[in-house]
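# Structural overview for review
Listed below, chain by chain, are the residues.
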Amino acid sequence: MTTDRQTDTALDPMFLHRWSPRAFDGSVMSAEDLRTILDAGRWAPSSFNYQPWRFLYTTRDDAANWDRFLDLLIPFNAVWAKDASALLFILSEMTMGAPDKPSHSHSFDAGAAWAAIALQAHLLGYHAHGMVGIDMEKTRTELAIPDGFRIEAAVAIGRMGDPANLPEKLQAREQPSDRKPLEELAYPGNFRN
């Protein structure tokens, strides 16, 4: 699906065409494509090059983990994410290697990794949909996530499917969303309301 999103800058069209659908086609993703997508996250910038992110993942052909990961999503997300090709959880280490060295930027850095993952997925013909609608406590326990790591989000990745396969209430929402005008988000000087 192409979008009619527009901007008045010289922005690369990749940014306008990347969006987060919920309708996936249920196809299997190659290990090579998944590795490339995760590698994009690995190369994201981070404070002091600490790279606080971790990616826990499964693919739909992974019988040992697929249903387990899917069960960590809230029902609203599980109903459509079940047709994705891969599911991953993005974590960030909240300290820089020691409890007395807190990281102010761990979530910011993990967000940079997520953006890289989403863009690389798009370049390979996939779509990535990030979500925080997950059972945080259950995810921490089920995936054995240590206390020093924050669960940032889950991500469903796959090739676009038919929106008619979504629950009716989601079908109308299955289109790229617009963005606020740049002037509402970026200000010269002080913050403005």
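Coordinates for the structure precede this section.
For the structure given in this document, a descriptive report is provided here. (Residues numbered from 1 in each chain as written. Predicted model: local features only at pLDDT ≥ 70, side-chain atom pairs only at ≥ 80, totals over all residues. Heavy atoms only, no water.)

## Quick notes on the packing of aromatic side chains
Rules: Only centres within 6.5 Å qualify two rings of Phe, Tyr or Trp (six-membered ring in Trp) as a pair; their planes then separate them into stacked at under 30 degrees, edge-to-face at over 60, and tilted for everything else. The classification of residues rests on relative accessible area computed with a 1.4 Å probe and restricted to protein chains. Under 20% of the type maximum is buried, over 50% is exposed, and intermediate values are partly exposed.
All told, the structure shown has three aromatic pairs when counted by the stated rule. Taken together, a centroid distance of 5.5 Å and an interplanar angle of 80° make the contact between tyrosine 187 and phenylalanine 191 edge-to-face. The class for tyrosine 187 is partly exposed, based on a relative accessible area of 27%.

## Things to note about the pairing of strand β2 (residues 86-93)
Just so we agree on the cut-off: Helix and strand definitions here come from DSSP, where helices need a minimum of 4 consecutive H or I residues and strands a minimum of 2 consecutive E residues; each element is numbered from the N-terminal end. We treat two strands as partners when DSSP finds at least two bridges between them.
The buried count for β2 comes to eight of eight residues, which makes it a mostly enclosed element. Here β2 shows no split at all, with Ala86, Leu88, Ile90 and Ser92 on one side and Leu87, Phe89, Leu91 and Glu93 on the other all buried. When strand β1 (residues 53-59) meets β2, the two strands line up antiparallel, connected through seven bridges. Bridge assignment links phenylalanine 55 to a residue of β2, and that residue is isoleucine 90. Where β2 meets strand β4 (residues 149-158), eight bridges bridge the pair, whose relative direction is antiparallel. When the bridges of β4 are listed, alanine 86 appears paired with isoleucine 157.

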